[in-house]
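Architecture and fold: a report
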Amino acid sequence: MKLLATISSLAGKYFALLVMGMAILAYFVPAPFLPLGSYISLLLGVVMFGMGLTLSATDFKLVLTRPLAVLVGVVAQFTVMPLAALAIAYLLKLPPELAAGLVLLGSVPGGTASNVMVYLAKGNVPLSITMTSVSTLLAPIMTPLLLLLFAGQWMPVDAKSMFIMIIQVIIVPIILGIVVRKFAPTLVQKSIAVVPLISVAAIIIIVGAVVSKNQETIATAGLLVFFAVFLHNTAGLIIGYYVGKLCKLSVSDQRALAIEVGMQNSGLGVALATAHLGPLAALPSTFGAVWHNISGPIIATVWSKKKVD
């Protein structure tokens with residue numbers, strides 16, 4: 001178990017490199033990864049189950065003790081990112097399927113990796129965890145609704161089917177994880193160190209599956225998609241930070257908001273796009289899985305060297 005825990009720690013530390021490596025491998029040698037596409041939803045469910053294992057009632061305590069900070073963060077998450085995606089899609093004149101995919105990336109909740117980045121950036125970790133948890137629980141309603149409002153102009157959106165899928169691959173696994181933690185705390189405590197390894201492996205496989213399926217498109221439109229994702233992530237980080245500043249939150253809270261708003265649950269974006277919009281629409285979330293885990297450590301490193309007032 002100690003060996004697995006060590007490997008898990010290393011996998012989490014070098015997550016961005018592993019994702020990049022898988023993306024490159026799947027691009028140049030796509031054949032072995034093509035069959036993995038049918039397991040994307042299952043793999044995402046595994047990641048969310050791992051998230052459920054780490055949650056407890058205290059993770060929602062800030063909703064009651066500091067409702068303003070949580071409210072500001074969650075509202076920013078579901079307004080800044082979809083609107084930024086919409087603006088970028090128009091600015092870059094993205095093809096319909098890519099535009100819808102970028103809006104989807106902007107409409108999913110915050111990613112779990114953001115909590116680690118906030119910790120490294122000396123931000124407010126409890127606020128980050130609460131924001132991730134609350135935005136994830138709101139996702140079955142907010143994500144289909146936002147996609148219907150902003151992406152329906154490019155592609156038909158089946159909000160009901162999307163709602164059901166989010167419940168199946170996000171909410172149910174999280175609840176199962178919470179239940180297992182409640183009734184088998186000793187077992188969970190002994191195995192929790194391995195959870196990051198399982199989550200990293202699942203995300204890497206998802207990236208491999210999507211990249212292999214879109215090899216030709218990446219060759220022709222890869223730079224455009226990456227630039228769109230780069231602009232989207234940068235907008236989230238900057239606007240998230242200054243929204244916190246405008247609301248007179250502490251520097252620690254501002255850092256948490258910036259990273260939480262800027263980093264999305266790209267795995268959910270990939271799963272929803274693949275199932276409901278088409279493989280091309282999954283590209284923004286796939287690139288997001290790579291870039292968010294590069295920009296996050298960069299900004300965390302910069303902020304970690306600056307004093308928190």
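Now for a description of the structure that goes with this document. (Residues numbered from 1 in each chain as written. Predicted model: local features only at pLDDT ≥ 70, side-chain atom pairs only at ≥ 80, totals over all residues. Heavy atoms only, no water.)

For the rest of this paragraph, the subject is the environment of Ala281. Within the element layout of this structure, Ala281 appears in the loop between helix H14 (266-277) and helix H15 (283-304). Setting aside its immediate chain neighbours within four residues, Ala281 contacts Glu97, Gly101 and Ala273. (Helix = DSSP H or I, 4+ residues; strand = E, 2+ residues; numbered from the N terminus. Contact = heavy atoms within 4.5 Å.)

Using the criterion set out here, one finds 1 cavity of 30 Å³ or more in the structure. By volume, the largest cavity is sized at about 30 Å³. Lining the largest cavity are Ile203, Ile206, Val207, Ser266, Gly267, Val270, Ser285, Thr286 and Ala289. Of all the elements in the fold, those that place two or more residues in the lining of the largest cavity are helix H11 (195-213), H14 and H15. Grouping the amino acids of the lining of the largest cavity by side-chain chemistry returns 5 nonpolar, 4 polar and no charged. (1 Å grid on protein atoms, 1.4 Å probe; cavity = no way out; pocket = protein on both sides within 12 Å on 5 of 7 lines; lining within 4 Å. Points joined across faces, edges and corners; volume = space filled by probe spheres on them. Nonpolar A, V, L, I, M, F, W, Y, C, P; charged D, E, K, R; others polar.)

So, on to the environment of Lys182. Tracing the chain through its elements places Lys182 in helix H9 (residues 159-183). Look at Lys182 and you get exposed, because its relative accessible area is 63%. Taking C-alpha positions, Lys182 is 10.0 Å from Leu55, a pair spaced 127 residues apart along the chain. (Buried < 20%, exposed > 50% of the residue type's maximum accessible area, 1.4 Å probe, protein only.)

Take the nonpolar core next. Grouped together as the largest cluster of nonpolar side chains are 91 residues, with contacts concentrated most on Leu94, Leu102, Leu127, Leu147, Ile170, Ile259 and Leu268. Ignoring anything within four residues of it in the chain, the contact list for Leu268 reads Leu44, Val108, Pro109, Ile166, Val169 and Ile170. (Core = buried A, V, L, I, M, F, W, Y, C linked by side-chain atoms within 4.5 Å.)

Along its 27 residues, helix H8 (residues 125-151) runs just 33 Å from first to last C-alpha, ending more than 12% under the 39 Å computed at 1.5 Å per residue. A bend of about 65° at Ala139 is the largest found in H8, and the proline Pro140 appears one to four places after it. Regarding H8, its N-cap is Asn124, as a side-chain oxygen of that residue lies 3.1 Å from the backbone nitrogen of Leu127 further along. (Expected span 1.5 Å × (residues − 1). Bend = angle between axes of the 7 residues up to and from the residue. Polar contact = N/O pair within 3.5 Å; in protein donor to acceptor, adjacent residues only side chain to side chain.)

A separate point is the packing of aromatic side chains. In the structure shown here, the tally under the stated rule is 6 aromatic pairs. Aromatic side chains Tyr90 and Trp154 sit 5.7 Å apart centroid to centroid with 50° between the ring planes, which places their arrangement in the tilted category. Here Tyr90 is found in helix H5 (residues 67-91), whereas its partner Trp154 is found in the loop between H8 and H9, with 64 residues between them in sequence. Taken together, the aromatic side chains of Phe226, Phe230 and Trp291 make up a single cluster linked through ring pairs. (Phe/Tyr/Trp six-rings, centres within 6.5 Å; stacked < 30°, edge-to-face > 60°.)

In the contact formed by helix H12 (residues 215-246) and helix H13 (residues 251-262), the axes pass within 7 Å of each other and the chain directions differ by 150°. Taken together, H12 and H13 sit at an angle that is classed as roughly antiparallel. Crossing geometry of H12 relative to H13 is assigned as right-handed. Together, Asn233, Gly236, Leu237, Gly240, Tyr241, Val243, Gly244 and Lys245 of H12 and Gln254, Arg255, Leu257, Ala258, Ile259, Val261 and Gly262 of H13 make up the contact between the two elements. Looking at the contact of H12 with H13 residue by residue, the classes come out as 7 nonpolar, 6 polar and 2 charged. (Axes fitted to C-alpha atoms, helices over the stretch in contact; angles between N-to-C directions. Parallel < 35°, antiparallel > 145°, perpendicular 65-115°, else oblique. Left-handed = near helix turned anticlockwise from the far one by under 90°.)

For Lys93, which is not glycine, the phi torsion reads 55° and is therefore positive. One can find Lys93 in the loop between H5 and helix H6 (96-107). One non-glycine residue with positive phi stands out, namely Lys248, at about 60°. Along the polypeptide, Lys248 turns up in the loop between H12 and H13. Overall, the relative accessible area of 76% leaves Lys248 in the exposed class.

This part covers the layout of surface pockets. Space inside the second largest pocket adds up to approximately 370 Å³. In terms of lining, the second largest pocket is formed by 16 residues, of which the most central are Ala23, Ile24, Ile218, Phe287 and Val290. Only helix H2 (15-28), H12 and H15 provide two or more residues apiece to the lining of the second largest pocket. By residue class, the composition of the lining of the second largest pocket is 14 nonpolar, 2 polar and no charged.

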